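Topology and contacts: notes
Here is how the chains run, residue by residue.
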Amino acid sequence: MAQLTCQRLCVGYDGQSVLQDLTFELLAGDYLCIVGENGSGKSTLMKTILGLQMPISGRILTGDGLRKNEIGYLPQQTVIQKDFPASVREIVLSGCLGRCGSRPFCGWRPFYNKEEKKLAAEAMEKMQITRLARRCYRELSGGQPQRVLLARALCATQKMLLLDEPVSGLDPKVTAEMYTLIEKLNREDGITVIMISHDVA
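Residues numbered from 1 in each chain as written. Predicted model: local features only at pLDDT ≥ 70, side-chain atom pairs only at ≥ 80, totals over all residues. Heavy atoms only, no water.

1. Looking at a positive patch on the surface
On the surface, a cluster of positive charge is made up of Arg89, Lys114, Lys117 and Arg134. As for its placement among the helices and strands, lysine 114 is situated in helix 4 (residues 114-126). A residue is classified by how much of its surface remains accessible, and lysine 114, at 76% relative accessible area, is exposed. (Patch = residues over 30% accessible without salt bridge, like charges linked within 9 Å, V, L, I, M, F, W, Y side chains within 5 Å. Areas by Shrake-Rupley, 256 points an atom, 1.4 Å probe, with all protein chains shown as cover. Salt bridge = Lys/Arg side-chain N within 4 Å of Asp/Glu carboxyl O. Lys, Arg positive; Asp, Glu negative; His and termini not counted. Charge placed at Lys NZ, Arg CZ, Asp CG, Glu CD. Helix = DSSP H or I, 4+ residues; strand = E, 2+ residues; numbered from the N terminus. Buried < 20%, exposed > 50% of the residue type's maximum accessible area, 1.4 Å probe, protein only.)

2. Remarks on the pattern of salt bridges
On inspection of all chains with the given rule, the structure shows eight salt bridges. In this structure, the salt-bridge partner of aspartate 189 is lysine 126, at a minimum N-O distance of 3.0 Å. Highlighted residues: aspartate 189 in the loop between helix 6 (172-187) and strand 7 (192-197) and lysine 126 in helix 4, separated in sequence by 63 residues. Residue classification places lysine 126 among the partly exposed positions, given a relative accessible area of 34%. Shared partners join several salt bridges into a network, and the residues in it are Arg147, Lys173 and Glu177.

3. A look at the nonpolar core
Val92, Ile129 and Leu150 are the most contacted members of the largest nonpolar core, which totals 36 residues. At the level of secondary structure, the elements contributing two or more residues to this core comprise helix 3 (88-93), helix 4, helix 5 (144-156), strand 6 (160-164), helix 6 and strand 7. Counting residues per element, this core draws most heavily on helix 5, at seven residues. Among the nonpolar cores identified, the runner-up in size contains 18 residues, and Leu26, Ile71, Met160 and Ile196 belong to it. (Core = buried A, V, L, I, M, F, W, Y, C linked by side-chain atoms within 4.5 Å.)

4. Regarding the packing of helix 4 against helix 5
Contact pair helix 4 / helix 5: the axes reach a minimum separation of 9 Å and the direction vectors enclose 140°. Accordingly, the angle class assigned to the pair helix 4 and helix 5 is oblique. As for the relative orientation of helix 4 and helix 5, their crossing is right-handed in sense. On helix 5, the residues touching Leu119, Ala120, Ala123, Met124 and Lys126 of helix 4 are Ala151, Leu154 and Cys155. Partitioning the contact of helix 4 with helix 5 into residue classes produces seven nonpolar, no polar and one charged. (Axes fitted to C-alpha atoms, helices over the stretch in contact; angles between N-to-C directions. Parallel < 35°, antiparallel > 145°, perpendicular 65-115°, else oblique. Left-handed = near helix turned anticlockwise from the far one by under 90°. Contact = heavy atoms within 4.5 Å. Nonpolar A, V, L, I, M, F, W, Y, C, P; charged D, E, K, R; others polar.)

5. With respect to the sheet that holds strand 1 (residues 4-13)
Strands belonging to one sheet form pairs held by backbone hydrogen bonds; the direction of such a pair is parallel or antiparallel. Ordered in space as 2-1-4, the three strands form an open sheet in which the pairing is antiparallel. If you trace the sheet from one side to the other, it starts and ends with strand 2 (16-26) and strand 4 (57-62), each paired once. Direction aside, neighbouring strands of the sheet carry axes that sit 25° apart on average. One ladder, built from seven bridges, connects strand 1 with strand 2; its direction is antiparallel. By the bridge assignment, cysteine 6 is partnered in strand 2 with phenylalanine 24. Lying over the sheet, helix 1 (residues 42-49) contacts strand 1, strand 2 and strand 4, oriented at roughly 120° with respect to strand 1. (Pairing = 2+ DSSP bridges.)

6. Examining helix 1
Across the eight residues that make up helix 1, a large majority, six, are buried. Buried residues of helix 1: Lys42, Thr44, Leu45, Met46, Thr48 and Ile49, and no others. Directly beyond the C-terminal end of helix 1, a positive phi value near 85° is found at glycine 51.

Next comes the structure, spelled out in structure tokens:
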């Protein structure tokens, strides 16, 4: 059974379409890379899949046990995001915020539980950033911020990751390391990956 299905999807803004009649299926463990020019609708498609905006027409269906709130998302980095005044651990833990709402009758609680703290620790270990846990996010450099945000996305899901230009602005060595980490999540952990990239190679 397909984990994600897009049926005759048309996406865009203010009724103006940028992508039309898009149909595809993804099975658990697939790795899909979406390549295209700026303005071709890649990020718009991703936001529509996430439910951050409505499709103009068509349908997006989840299956194989995947709920929409179980999709991890790594957005494009912005200057404001890079200047966020929080520790690495706090940012990774924030990926667990949606987990409570996914369970019926869970109620609101002001603190993370042991399970969520363990999940965050495991995500940091996978991204090889455990030693940075107490560092301020704004002090990070190179590919470290992207590893932190990928660990945060892992706290939201063990099923599907949507990655919007995950290696943008990184040097070739760090880019290769990020691709290796993403491939490992896909192959070893079985996480479905949808990645937007300008890197045709």
